Amino acid sequence: MNKALRKAVIAGNWKMNMTPSQAKALIEEMKPLVKDADCDVVLCVPYVDVFAAMEAAEGSNIKIGVENCHWAESGAFTGEISSVMLKEIGVPYVIIGHSERRQYFGETDVTVQKRVRAALDNGLKVILCVGEYLEQREQGITSEVVRMQTKIALGGVSEAELENIIIAYEPVWAIGTGKTATAEQANEVNAEIRKCVGELYGKTAADKLTVQYGGSMNAKNADELLAQEDVDGGLIGGASLKAADFSVIVKAASK
Ligand code: PGA
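Residues numbered from 1 in each chain as written. Predicted model: local features only at pLDDT ≥ 70, side-chain atom pairs only at ≥ 80, totals over all residues. Heavy atoms only, no water.

Draft legend 1. Geometry of the site of the ligand. Taken together, 13 residues are adjacent to the ligand, and Lys-15, His-98, Glu-170, Gly-176 and Ser-216 come closest. Contact between the ligand and Asn-13: an oxygen atom at 3.5 Å from a side-chain N or O atom of the residue. Gly-237 places a main-chain nitrogen or oxygen 2.9 Å from an oxygen atom of the ligand. Computed on the free molecule, the ligand has an accessible area of 280 Å², of which 95% lies beneath the protein chains in the complex. When grouped by side-chain class, the residues that make up the shell around the ligand number four nonpolar, seven polar and two charged. (Near = heavy atom within 4 Å. Polar contact = N/O pair within 3.5 Å; in protein donor to acceptor, adjacent residues only side chain to side chain. Areas by Shrake-Rupley, 256 points an atom, 1.4 Å probe, with all protein chains shown as cover. Nonpolar A, V, L, I, M, F, W, Y, C, P; charged D, E, K, R; others polar.)

Dropping the structure here:
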């Protein structure tokens, strides 16, 4: 099975939650629960939590990431953080193109592509988010939407660099709504994304790519979603804020 070619990655996306002291406490609670994971475990946290999170996670199998980064190295971009800064402090992962960035902060496929480029140039591993709105699914254009988002974001990314990319399929209608895509829907779109990547880079590269599902994945539905051939992990919002729930998902990915 091709699934065996790829490492499962369970990544938490804390969004705008947790102060540094709360971050420390949550990671301390999580550490013993996820220590035997047979998958990669990542927590993407607000920028201000990075130091507390890295300190708390030190010596454990939990890796820390952030939720965005700018494309420029430095400059007049008030409120932004560059990948050069993240590199210096040793943050290994960054989420790029999350639908909340696209929806509320004017992120476009083109700015996503620029951010991906900068992150790769600075040695970061990118969790690239793609996904359709409910209206797009109803119009039957899910595949076109995720293909376009994927192709634009990967513009200029080499086959060697693809090893530092994880793609997270996150249907926008399933994020934070409690409405999960069915395991079949998740698998179908994940497979479509892999096919698209295969057209760009060849089957061998595509077979090695980790494609996560995200959108109301939780302790109850993780088993079924993660058992799908093309679902290689999850990007977890709400359930990553609770140590017990998150660890159940990590265990489901470790089977
Ligand atoms: P959710 O968020 O698990 O709370 O739906 C997922 C995400 O936005 O990455």
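Draft legend 2. Seen up close, the packing of aromatic side chains. Overall, the coordinates contain three aromatic pairs when judged by the stated rule. On the basis of an interplanar angle of 85 degrees and a centroid distance of 6.5 Å, the ring pair of Tyr-104 and Phe-105 is categorised as edge-to-face. On the accessibility criterion, Tyr-104 (55% relative accessible area) is exposed. (Phe/Tyr/Trp six-rings, centres within 6.5 Å; stacked < 30°, edge-to-face > 60°. Buried < 20%, exposed > 50% of the residue type's maximum accessible area, 1.4 Å probe, protein only.)

Draft legend 3. Molecular detail of the pattern of salt bridges. Within the structure shown, the criterion is met by 20 salt bridges. We note a salt bridge from Arg-115 to Glu-80, for which the minimum N-O separation is 3.4 Å. Taken together, the residues span a long stretch of sequence, with Arg-115 in helix H5 (residues 109-121) and Glu-80 in the loop between strand S3 (62-66) and helix H3 (83-89) at a distance of 35 residues. Classification of Arg-115 by relative accessible area gives buried; the value is 7%. (Salt bridge = Lys/Arg side-chain N within 4 Å of Asp/Glu carboxyl O. Helix = DSSP H or I, 4+ residues; strand = E, 2+ residues; numbered from the N terminus.)

Draft legend 4. A look at unusual backbone geometry. In this model, Lys-15 sits at a positive phi of 55 degrees, which is unusual for a non-glycine residue. By secondary structure assignment, the location of Lys-15 is in the loop between strand S1 (9-13) and helix H1 (20-34). The phi angle at Ser-216 is positive, at roughly 55 degrees, despite the residue not being glycine.

Draft legend 5. Fine view of the sheet that holds strand S5 (residues 125-130). Here eight strands make up a closed barrel; going around it, the order is S1-S2-S3-S4-S5-S6-S7-S8 and the pairing parallel. Pairs of neighbouring strands in the sheet enclose a mean axial angle of 25 degrees, with direction left out of account. The strands that H1 touches are strand S2 (40-44) and S3; relative to S3, the one it contacts most, it runs at about 135 degrees. Its contacts with the sheet place helix H11 (residues 243-253) against S1, S2 and strand S8 (233-236), and it is angled at close to 160 degrees to S1. (Pairing = 2+ DSSP bridges. Axes fitted to C-alpha atoms, helices over the stretch in contact; angles between N-to-C directions. Contact = heavy atoms within 4.5 Å.)

Draft legend 6. Representation of the packing of H1 against H11 in the model. Taken N-terminus to C-terminus, the directions of H1 and H11 make an angle of 30 degrees; their axes are 9 Å apart at the nearest point. In terms of crossing hand, the pair formed by H1 and H11 is right-handed. Taking contact as the criterion, the partners of Leu-26, Glu-29, Met-30, Leu-33 and Val-34 in H1 are, on H11, Ala-243, Ala-244, Phe-246, Ser-247, Val-250 and Lys-251. Partitioning the contact of H1 with H11 into residue classes produces eight nonpolar, one polar and two charged. (Left-handed = near helix turned anticlockwise from the far one by under 90°.)

Draft legend 7. Representation of the pairing of strand S6 (residues 165-169) within the structure. Burial within S6 is extensive, with five of its five residues counted as buried. Residues Ile-165, Ile-167 and Tyr-169 line one face of S6 and the alternating positions Ile-166 and Ala-168 line the opposite face, and both faces are buried. Strand direction decides the pairing type here: S5 and S6, joined by five bridges, are parallel. By the bridge assignment for S6, Val-130 is matched with Tyr-169. Relative to strand S7 (residues 210-214), S6 runs parallel, the two being bridged by four bridges. Looking across to S7, one finds that Tyr-169 is bridged to Tyr-213.

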